[in-house]
Amino acid sequence: MAKYTLKRLIMAILTLLLVACLTFLLMNSIPGSPWVSEKAPSQATLDALNAKYGLDKPLIVQLGKYLENILKGDLGVSLKMQQNRPVLDIIKEMFPVSAKIGVFALLWAILVGVPLGCLAAYNRGKWLDSLLRIICTIGVSMPSFVVASLLLTGLGGNDQSMFPTIFKASLGVKSYVLPCFALGVYPMCYISRQARSAMLDSLGQDYIKTARAKGLKNTAVIFKHALRNALIPVITYLGPQIAFVLCGGFVVESVFSVPGLGRYFVQSILNRDYPLIMGTTIFLAAFIILMNFVVDILYKVVDPRITLEEGGN
Amino acid sequence: MDNNIKRPKFGSLQPDIEDLLNLKPEDFAPASEEQKASFIQDRESTSYWRDAWRRLKQNKVAMVALGVIIVLILFAFVGPMIVPYDYDEFVSGAENLYPWHYSLEDQRLIESVSGNQEERLAAAIELAEAEKGSALSSIELAKIKAQITTTTVDIDEFIKENGIKYKAFGYSVGELERKEAGESVFPHVFGTDRYGRDNMVRIMIGTRVSMLVGICAALLVLLIGATYGSISGFFGGRVDAIMMRIVEIIYSVPEVLVVLLLSTALNPALLAFQSSGNGFFHRAVGVLGPNLISMFVAFGLLYWVTMARIIRGQILQLKSQEYVTAARALGASSGRIIKRHLLPNCVGQLVVTTCLQIPSAIFLESFLSFLGVGVSAPMTSLGSMAADALKGITTYGYRLVIPALILSVMILAFNLFGDGLRDALDPRLKK
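An account of the accompanying structure is given in this report. (Residues numbered from 1 in each chain as written. Chains lettered and ligands numbered in written order. Predicted model: local features only at pLDDT ≥ 70, side-chain atom pairs only at ≥ 80, totals over all residues. Heavy atoms only, no water.)

## Some details on the overall build of chain A
Within chain A one finds eleven helices and zero strands. When its helices and strands are written in sequence order, chain A yields α-α-α-α-α-α-α-α-α-α-α. Considering chain A as a whole, with its 313 residues, one finds that 46% of them fall into the buried category. Of the contacts formed within chain A by residues at least 6 apart in sequence, a portion of 70% connects residues at least 24 apart. Approximately 15900 Å² of chain A is accessible, and the part contributed by carbon and sulfur atoms is 66%. (Helix = DSSP H or I, 4+ residues; strand = E, 2+ residues; numbered from the N terminus. Buried < 20%, exposed > 50% of the residue type's maximum accessible area, 1.4 Å probe, protein only. Contact = heavy atoms within 4.5 Å. Areas by Shrake-Rupley, 256 points an atom, 1.4 Å probe, with all protein chains shown as cover.)

## Description of the packing of helix α4 (residues 87–122) of chain A against helix α11 (residues 274–302) of chain A
All names here are of chain A. Here α4 crosses α11 at 55°, and the two axes come no closer than 10 Å. Between α4 and α11, the angle is such that the two are oblique. For α4 against α11, the interelement crossing comes out right-handed. Contacts between α4 and α11 pair Val 87, Ile 90, Ile 91 and Phe 95 from the former with Pro 275, Leu 276, Gly 279, Thr 280, Phe 283, Leu 284 and Phe 287 from the latter. (Axes fitted to C-alpha atoms, helices over the stretch in contact; angles between N-to-C directions. Parallel < 35°, antiparallel > 145°, perpendicular 65-115°, else oblique. Left-handed = near helix turned anticlockwise from the far one by under 90°.)

## Some points on unusual backbone geometry
Residues and elements named next belong to chain A. Phi at Ser 257 takes a positive value of approximately 50°, unusual for a residue other than glycine. Inspection of the secondary structure puts Ser 257 in the loop between α9 (218–256) and α10 (261–270). Residue Ser 257 is classed as partly exposed on the basis of its relative accessible area, which comes to 26%.

## With respect to empty space enclosed by the protein
All names here are of chain A. The final tally for this structure, using the stated rule, is three cavities of 30 Å³ or more. Approximately 70 Å³ is the volume attributed to the largest cavity. Together, Ser 98, Ile 101, Gly 102, Leu 183, Val 245, Leu 246, Gly 249, Phe 250, Glu 253, Leu 261, Gly 262 and Leu 284 line the largest cavity. If one sorts the elements of the lining of the largest cavity by residue count, α9 sits on top with five residues. Partitioning the lining of the largest cavity into residue classes produces seven nonpolar, four polar and one charged. Each pocket or cavity is described by its volume, and for the second largest cavity that value is around 50 Å³. Gly 117, Ala 120, Asp 129, Leu 132, Arg 133, Cys 136, Ser 192, Arg 193 and Arg 196 together form the lining of the second largest cavity. Broken down by secondary-structure element, the contributors of at least two residues to the lining of the second largest cavity are α4, α5 (127–141) and α7 (174–203). Counting residues per element, the lining of the second largest cavity draws most heavily on α5, which supplies four residues. When grouped by side-chain class, the residues that make up the lining of the second largest cavity number three nonpolar, two polar and four charged. (1 Å grid on protein atoms, 1.4 Å probe; cavity = no way out; pocket = protein on both sides within 12 Å on 5 of 7 lines; lining within 4 Å. Points joined across faces, edges and corners; volume = space filled by probe spheres on them. Nonpolar A, V, L, I, M, F, W, Y, C, P; charged D, E, K, R; others polar.)

## Some thoughts on the packing of α10(A) against α11(A)
Residues and elements named next belong to chain A. Direction vectors running N to C along α10 and α11 enclose 145°, while the axes themselves pass 9 Å from each other. Here α10 and α11 pass one another in a crossing that is left-handed. Across from Leu 261, Tyr 264, Phe 265, Ser 268 and Ile 269 in α10, the residues of α11 making contact are Leu 276, Ile 277, Thr 280, Thr 281, Phe 283 and Leu 284. The residue makeup of the contact of α10 with α11, split by class, is eight nonpolar, three polar and no charged.

## Quick notes on the nonpolar core
Grouped together as the largest cluster of nonpolar side chains are 184 residues, with contacts concentrated most on Met199(A), Phe250(A), Phe256(A) and Leu260(B). A total of 18 residues in this core trace back to one element, the largest contributor, which is α9(A). Discounting residues that sit within four places of it in the chain, Phe256(A) has contacts with Ala148(A), Leu152(A), Thr165(A), Ile166(A), Phe167(A), Leu178(A), Pro179(A) and Ala182(A). (Core = buried A, V, L, I, M, F, W, Y, C linked by side-chain atoms within 4.5 Å.)

## Notes on the packing of aromatic side chains
All names here are of chain A. On inspection of all chains with the given rule, the structure shows nine aromatic pairs over all chains. Pairing Phe 95 with Phe 283 gives two aromatic rings, centres 5.1 Å apart and planes at 85°, and the pair type is edge-to-face. Here Phe 95 is found in helix α4, whereas its partner Phe 283 is found in helix α11, with 188 residues between them in sequence. For Phe 95, a relative accessible area of 15% translates into the label buried. Residue Phe 283 is classed as partly exposed on the basis of its relative accessible area, which comes to 24%. Where Phe 250 meets Phe 265, the ring centres are 5.2 Å apart and the plane angle is 45°; that geometry is what we call tilted. (Phe/Tyr/Trp six-rings, centres within 6.5 Å; stacked < 30°, edge-to-face > 60°.)

## Side note on the interface of chain A and chain B
With 50 residues of chain A in contact, the opposing surface of chain B contributes 45 residues. Inspection of the chain A/chain B interface yields zero salt bridges. Along the contact surface separating chain A from chain B lie one residue pair in polar contact (both at pLDDT 80 or more). If you tally residues by element for the side of chain A that touches chain B, the top one is helix α1 (residues 2–29) of chain A, at nine residues. Its residues placed into classes, the side of chain A that touches chain B shows 35 nonpolar, ten polar and five charged. (Salt bridge = Lys/Arg side-chain N within 4 Å of Asp/Glu carboxyl O. Polar contact = N/O pair within 3.5 Å; in protein donor to acceptor, adjacent residues only side chain to side chain.)

## As for the environment of Lys168(A)
All names here are of chain A. Looking at the secondary structure, you find Lys 168 in the loop between α6 (144–155) and α7. With a relative accessible area of 33%, Lys 168 lands in the partly exposed category. Separated by 88 residues in sequence, Lys 168 and Phe 256 have C-alpha atoms that sit 9.7 Å apart.

## Thoughts on the state of the cysteines
Residues and elements named next belong to chain B. Counting across every chain of the model gives zero disulfides over all chains. Left unpaired, Cys 216 is separated from the closest cysteine sulfur, that of Cys 355, by 15 Å. Of the residues examined, Cys 216 reaches a relative accessible area of 37% and is grouped as partly exposed. Left without a disulfide partner, Cys 346 is nearest to the cysteine sulfur of Cys 355, which lies 17 Å away. (Disulfide = S-S within 2.5 Å.)

## A look at a nonpolar patch on the surface
Residue and element names in this part refer to chain B. Together, Ile 70, Ile 73, Leu 74, Phe 77, Val 78, Met 81, Ile 82 and Leu 212 give the surface a local cluster of nonpolar side chains, amounting to about 740 Å² of exposed area. Listed by contribution, the elements that provide at least two residues to the nonpolar patch are α4 (60–77) and α5 (79–82). The greatest single-element share of the nonpolar patch, amounting to four residues, is contributed by α4. Here Ile 82 shows up in helix α5. Judged by relative accessible area, Ile 82 falls into the exposed class, the value being 56%. (Patch = residues over 30% accessible without salt bridge, like charges linked within 9 Å, V, L, I, M, F, W, Y side chains within 5 Å.)

Okay, structure coming up:
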């Protein structure tokens, strides 16, 4: 266990390093310098500024400095959107809103997706299975902006209506309904498809036959033996889904004007506020990688059959 | 049928005897000469592709999906030649058309009730002022105004009472007059946008962009992934270990974030490159647009890993086969063995994985275009059309619905066809 955890941890750190280096290189590949303004500063001023901020040093030294700053939690300051405000501050303010929506979206996706998948597996080959399969295939074929904007057209209304189209924190739960629903459709369908095949796999196993041969009741066989084992592979898909929900949040938050990190990230991209883009990318990447790591470890903890050192595919 | 037959419970070990009971005595009759002949015919050796095609043909869902894809290809590539408008052509007088219209007489009829709203307002104010004998206060003015504007709501009633019906397709007034004069005018089937650009042509071009991006990105992934995977799998040992660690790292990079980052950061660099010279590559950047190129770069950098993993697994299985040993004994080089012996043997996997890559590339392209970092104007794509439509969503809902629908249908068709192809080419994977 310890060896596996260590290995995964090293991989996670390497991945994060790759993302950080990539962002650094991209930041430096952008033409122009930070000191360009209406009044061209003299060469002496430029040199002094470059020296002050370490921009005269070789690229590799700058990269080292950049990584060091990241470790200290210094992601730079915003250039345009909120001038000179530290990026980390902005993230701290925006992220909770996004996280809340993401958590609820994922929650309903799991709570609905898993039972639907099991239901489909249990009714394999019947009309219910076909119906659910059609719905879920359509669900994974619709980009989240399509779902979000169709919901907006179909159900949205003003502040007083059941589902306000413009997110307002003061409206409470009401304004969370549509964004969470829109965000959860894709993961729900995806999870339900995975749960179906996992459940079918599980139902074909020998221990199910044993359980039936023992004369256990149908419900006991399904819930105690089949479902519990079918859930394990579903957990593996949660890691990528967390990333998806966070990134799908960009679109959903833009459509519903949610003041979350996703929308802000997109706005900073459109405004070309580079430090903000880089900082947010690194933060979100770190979060996603961490979540993947946690899910992977959890997966091994839940299923004791998997040999840890092999990595298990 | 006998209802007393107890159906076995789900998962039960009892055999399902219903299938056996359904057999009729005729089913046990000896085969006729014709049937025997066709049986022998069936057993003739078939090539890999013919066999796969036979299996694919039986899959109704996949065939329907293939039909939809062909229709969409015709729509995207032949359609713009038929429609006489250009995707960036402003048709003056045809701004904000709906995909439906009223005939000229009906329009005149409606105008006679509603059109002169301002005149009626002026008349009503005059009348009230004459009654009161002095100028009206702002509250009274607002009241009259409100009354006049609310009466216009009755237009809907008026239209219903007179049995005025929508006619299909959008025409501007000028176009209707020309049509009445005997000219043939091509309709705006899906209406126009707020600059008077024909929506149908824009949707066709958008579909074309999405398809091209999807197919090109998938081919890029195929090229990089297959090369990398086959080298890693064939050489094995330390080479494999290192190459697969790299794959693992790239695999866990959150792609969407990096793609967004890349398309932002590469854009100015590519623009600077484009304006720096006039060579072949400079012009290529100009034609494709910097955003599209950065999207391809992102795809090339990040999305090949799945393909590489799958191909590596296949090569690992195949390289211990006798024909590889034979080729090696005959002195074939590693490159030749990979190219001539190993890759052709995993062609099924290559085709299926490439095909399933297309919808995910389309997905990503529309996502980026929706956020405004995809294809750059005046070029259009389904995603950016949907984003534009959000501004006038309550009045012009069709502008969102049509591109969104076509996009979803396209992704769905590619997904279903890819699934069908997988079942046909590699029956072992079927679940």
